[in-house]
Amino acid sequence: MKRTLLLLITALTLQCFGQEQEYKKETLDSVINAKKFSDKVKDEFPCITLKENIIIEYIMEGEEICQYETIHRKSLVLNDKGVEYFNRVYIPTSQTIDIIDVKARAVSPTGKITNFDKTNLKEVDNLEDKGAFKMFVVEGVEKGSIVEVLYTLKQNIGSNGKYLFQEDFPVLDASFSMVTPRNLLFNVKGYGCSFKKTDDTTAKKHIIRYSIDSMPPLRDEKYASYRANKAKVEYTFVSNTSTSTTPVNTWASAAKSLYDTFYQENKDDDKLIQKELKKLKLDKMTELEKVKTIEIYLKDNYTLKPIRGIENIETIAFACKNKFTNEEGFTRLFCKFLQLAGVNHQLGVTSERSKCKFDKEFMTWQYLYEYVIYFPNLNTYLSPTSFQYRLGMLPDDITNNDALFLKTMTLGSGFTTALPDIKYIPNTPMEKSLTNQIATIDLDAANLVAKIHYRHELSGYEAAFIQPYYDLLPEDKRKEFMENMLKLMNSDTKIVDFKLENTNHNESPFDKPFVIDGNIEVKNLIDIAGDNIIFKIGDVIGPQEEMYDEHKRENPIELQYAHMYNRDIKVKIPEGYQLKGVEALKMNIVCANGAAGFISNYSIENNMLKVTVKEYYRDVMLPIDQYEDFRKVINASADFNKITIVFEKK
């Protein structure tokens with residue numbers, strides 16, 4: 001990155017960039033009247049963005065290269081929610097050197113203009129863990145007002161970035177402009193909407209512009225990656241044609257840079273690592289045993305502190321001395337331990353697909369922030385910075401995504417470097433993330449109590465919310481968790497006894513499931529109607545997600561991970577009673593391509609009702625045209641949850 005910026009600086013010092021800066025041409029609009037919208041639109045949305053104009057501009061000032069960002073936004077406020085949303089403006093400043101100018105005003109429906117007073121600009125140190133901001137209140141905002149904001153920031157130099165346009169309300173006029181000297185080439189790419197691209201080269205400027213006249217709202221829907229699906233524009237520096245036409249930012253240059261960062265030779269560091277490796281006695285271990293031993297040792301003896309500002313926190317020497325480090329330092333520890341232990345591995349880096357899907361056709365450092373290690377001989381992965389996961393299990397948000405892996409190569413001179421190897425990280429099979437619910441039920445009609453032997457088995461990602469943490473929790477939190485799990489089907493539950501299996505945080509839930517086994521007594525599952533017993537059998541599987549909303553789907557379906565549920569329910573039929581209404585327990589709802597399904601059935605044997613339910617989600621991503629099938633599967637479990645059966649007096 002430093003090398004890239006040096007090239008930028010060198011290029012710009014070679015020429016004069018004397019034309020008027022583009023950001024200075026941007027002014028508050030002279031026409032401030034709002035367009036007319038129907039009552040339906042006003043009721044559906046809190047606001048409408050009438051204009052959103054973004055300018056990223058590189059400018060030469062003396063012998064210094066400067067980057068400016070200009071935001072010009074004009075919005076029509078439609079209701080009280082919109083008033084609340086727009087009467088405060090937040091300007092991100094964590095990468096800002098100086099605020100060049102801020103203009104803002106509110107125009108009431110009657111035409112009254114209330115201008116922003118710059119003395120009202122206030123500091124916000126850390127807004128929702130997103131860094132520093134400047135904030136100001138826009139006075140005079142009411143329903144029907146137009147709020148217009150225009151500001152320009154002088155920023156730290158960056159060679160890549162992105163801007164998200166789409167919201168859950170309409171945007172009528174959006175544009176993104178990249179302004180650079182002619183000899184600096186940037187790749188700019190639009191995603192998510194049909195942007196119009198123009199490429200204009202003047203005597204000394206190069207302006208790439210992406211624009212769209214009308215951008216539809218994007219609804220934040222269940223089972224969708226809302227942020228990743230938003231329309232956006234990304235940009236990345238390519239080359240300085242004054243010195244070379246060879247691209248600077250490539251996957252190959254990124255691989256080399258990452259290798260230099262995490263595998264740089266340092267004899268003092270190697271001595272520190274070798275000293276720690278001796279404690280682990282790896283000599284006679286298999287490769288699998290070595291990896292597991294190293295992972296347990298590092299994650300049990302070092303602490304990850306994702307902080308900045310501590311000098312040398314990312315170094316091996318700091319980590320070994322202080323027993324804590326940041327994400328970069330922890331990844332470096334893993335790489336050096338594995339390298340010096342002779343374990344064949346590849347470091348990889350990718351993005352979180354729910355926020356930003358990796359595009360292998362567009363090289364940008366924006367995708368390279370989540371680390372992963374692949375073991376070719378074992379064909380499995382490890383997350384170096386996720387303490388809750390062990391070998392074979394990655395954060396689900398980086399699976400089903402491409403990643404840049406480092407394929408090492410040693411030249412004849414003994415020099416070692418890395419080549420880029422972009423590979424897809426698959427999701428784990430649904431059978432690996434399994435919930436088993438096994439319930440054997442006796443009905444005590446006289447006391448309106450269902451006595452249940454209940455076994456709840458969680459494996460894979462289904463156990464990830466508790467198995468890595470349980471044995472580290474204080475006793476009161478353990479009790480709270482157990483009560484919540486055993487009261488899943490009904491809050492009016494008495495816990496008679498229980499036991500747990502496989503609670504060691506160093507065991508992968510892919511290898512051993514987290515198990516709760518106990519006896520409970522549940523009220524409110526039984527009602528009496530005359531001589532008959534009404535049993536809410538659907539409640540045994542617990543509350544279920546519902547998707548009965550009939551609105552038109554806007555996002556493709558995306559799950560966190562593939563998974564399954566198996567439920568086995570046995571209910572002893574009270575003596576002197578017969579069953580009625582059990583036909584409703586038979587369901588078969590399956591997606592056309594078999595990507596998901598809900599199948600339930602029953603049998604009656606030896607005075608026992610046996611119900612089996614299999615619910616599965618094989619594919620993490622499904623196209624939007626399969627939404628109706630998917631929705632039926634989701635609703636099938638919700639429909640089952642509402643089923644009651646009757647034990648009728650003979």
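Residues numbered from 1 in each chain as written. Predicted model: local features only at pLDDT ≥ 70, side-chain atom pairs only at ≥ 80, totals over all residues. Heavy atoms only, no water.

## Comments concerning the overall build of the chain
On a plain count of helices and strands, the chain comes out with 11 helices and 35 strands. The C-alpha extent of the chain, read off along each of the three principal axes, is 95 × 75 × 45 Å. Counting across all 650 residues of the chain, residues that qualify as buried make up 51%. Positive and negative side-chain charges of the chain, numbering 86 and 94 respectively, have mean locations separated by a distance of 2 Å. (Helix = DSSP H or I, 4+ residues; strand = E, 2+ residues; numbered from the N terminus. Buried < 20%, exposed > 50% of the residue type's maximum accessible area, 1.4 Å probe, protein only. Lys, Arg positive; Asp, Glu negative; His and termini not counted. Charge placed at Lys NZ, Arg CZ, Asp CG, Glu CD.)

## Re helix α9 (residues 327-340)
Here α9 contains 14 residues, and its C-alpha end-to-end distance of 20 Å stays within 8% of the 20 Å for a straight helix at 1.5 Å per residue. For α9, the buried fraction is high: 10 of the 14 residues fall into the buried class. Where α9 is concerned, the buried positions are Gly329, Phe330, Thr331, Arg332, Leu333, Phe334, Cys335, Lys336, Phe337 and Leu338. The N-cap residue of α9 is Asn326: its side-chain oxygen and the backbone nitrogen of Glu328 are 3.3 Å apart. (Expected span 1.5 Å × (residues − 1). Polar contact = N/O pair within 3.5 Å; in protein donor to acceptor, adjacent residues only side chain to side chain.)

## Comments concerning the pairing of strand β14 (residues 232-240)
Among the 9 residues of β14, 9 are classified as buried, and the element is accordingly described as predominantly covered. Looking at chain direction, strand β9 (residues 160-164) and β14 are connected through 5 bridges and run antiparallel. In the sheet register, Leu164 faces β14, and the bridge partner there is Lys232. (Pairing = 2+ DSSP bridges.)

## A short note on the packing of aromatic side chains
Taken as a whole and judged by the stated rule, the model has 35 aromatic pairs. Arranged with centres 6.4 Å apart and planes meeting at 55°, the rings of Phe186 and Tyr235 form a pair that is tilted. With a gap of 49 residues between them, Phe186 in strand β11 (residues 184-191) and Tyr235 in strand β14 connect regions that are remote in the sequence. Here Phe186 falls in the buried class, since its relative accessible area comes to 7%. For the pair Tyr223 and Phe630, a centre-to-centre distance of 5.3 Å together with 80° between the ring planes defines the contact as edge-to-face. Taken together, the residues span a long stretch of sequence, with Tyr223 in the loop between β13 (205-212) and α4 (226-229) and Phe630 in helix α11 (residues 627-641) at a distance of 407 residues. Under the relative-accessibility criterion, Phe630 is labelled buried at 0%. By the ring-pair criterion, three or more aromatic residues cluster together here, those being Tyr297, Tyr302, Phe330, Phe334, Phe337 and Phe387. (Phe/Tyr/Trp six-rings, centres within 6.5 Å; stacked < 30°, edge-to-face > 60°.)

## Focus on the side chain of Asn641
Note on placement: Asn641 falls in helix α11. Judged by relative accessible area, Asn641 falls into the buried class, the value being 15%. Within the local environment of Asn641, its side chain forms a polar contact with the side chain of Asp539, the two groups lying 3.5 Å apart. Not counting residues within four places of it along the chain, the set of residues in contact with Asn641 comprises Gly538, Asp539, Ile541, Gly542, Pro543 and Gln544. (Contact = heavy atoms within 4.5 Å.)

## So, the sheet that holds strand β25 (residues 514-522)
Pairing is mixed in the open sheet, where 8 strands are placed in the order β24-β25-β23-β22-β29-β33-β32-β31. Strands with a single pairing partner mark the edges of an open sheet, and in this sheet they are β24 (493-501) and β31 (587-590). Strand-to-strand twist in this sheet, taken as the mean axis angle between neighbours without regard to direction, amounts to 10°. Strand direction decides the pairing type here: strand β23 (residues 449-458) and β25, joined by 9 bridges, are antiparallel. Pairing of Lys451 across the sheet is with Glu521, part of β25. Contacts from helix α10 (residues 475-486) reach β23, β24 and β25 within the one sheet, and its direction differs from that of β24 by about 115°. Seen against the sheet, α11 touches β31, β32 (596-605) and β33 (608-617) and runs at an angle of roughly 35° to β32. (Axes fitted to C-alpha atoms, helices over the stretch in contact; angles between N-to-C directions.)

## Focus on the environment of Ile599
As for its placement among the helices and strands, Ile599 is situated in strand β32. Through-space distance from the C-alpha of Ile599 to that of Thr612 is 8.2 Å; in sequence the pair is 13 residues apart.

## Considerations on the pattern of salt bridges
Considering all chains together, one arrives at 39 salt bridges under this definition. When the shortest N-O distance is used, the salt bridge between Lys222 and Glu545 registers 2.8 Å. Of this pair, Lys222 sits in the loop between β13 and α4 while Glu545 is found in the loop between β27 (532-535) and β28 (557-558), placing the two residues 323 residues apart along the sequence. We classify Lys222 as partly exposed; its relative accessible area is 41%. With a shortest N-O distance of 3.3 Å, Glu605 and Lys610 are connected by a salt bridge. Within this structure, Glu26, Asp29, Lys51 and Lys74 form a network of salt bridges that share partners. (Salt bridge = Lys/Arg side-chain N within 4 Å of Asp/Glu carboxyl O.)

## Some words on the nonpolar core
Core analysis: the biggest nonpolar cluster contains 62 residues, and Ile441, Ile452, Phe535, Ile537, Ile645 and Phe647 have the highest contact counts within it. At 6 residues, the largest contribution of residues to this core is made by α11. Residues Phe45, Cys47, Leu172 and Phe176 belong to the second largest nonpolar core, which totals 52 residues. (Core = buried A, V, L, I, M, F, W, Y, C linked by side-chain atoms within 4.5 Å.)

## Looking at the confidence of the model for the chain
Predicted coordinates in areas of low pLDDT are best not read in detail. Here the chain averages 91 in pLDDT, while 95% of its residues score no lower than 70. Counting contacts from residues 6-17, a segment whose pLDDT is below 50, to residues more than four positions away or on other chains yields 28 contacts. (pLDDT = per-residue confidence, 0-100.)

## Re the packing of helix α5 (residues 251-263) against α9
Remark: α5 packs on α9, axes separated minimally by 8 Å, with the N-to-C direction vectors making an angle of 80°. Relative to α9, the element α5 lies roughly perpendicular. Across the interface between the two elements, Tyr259, Thr261, Phe262 and Tyr263 from α5 touch Glu328, Thr331, Arg332, Cys335, Lys336 and Gln339 from α9. In terms of residue class, the contact of α5 with α9 is built from 4 nonpolar, 3 polar and 3 charged. (Parallel < 35°, antiparallel > 145°, perpendicular 65-115°, else oblique. Nonpolar A, V, L, I, M, F, W, Y, C, P; charged D, E, K, R; others polar.)

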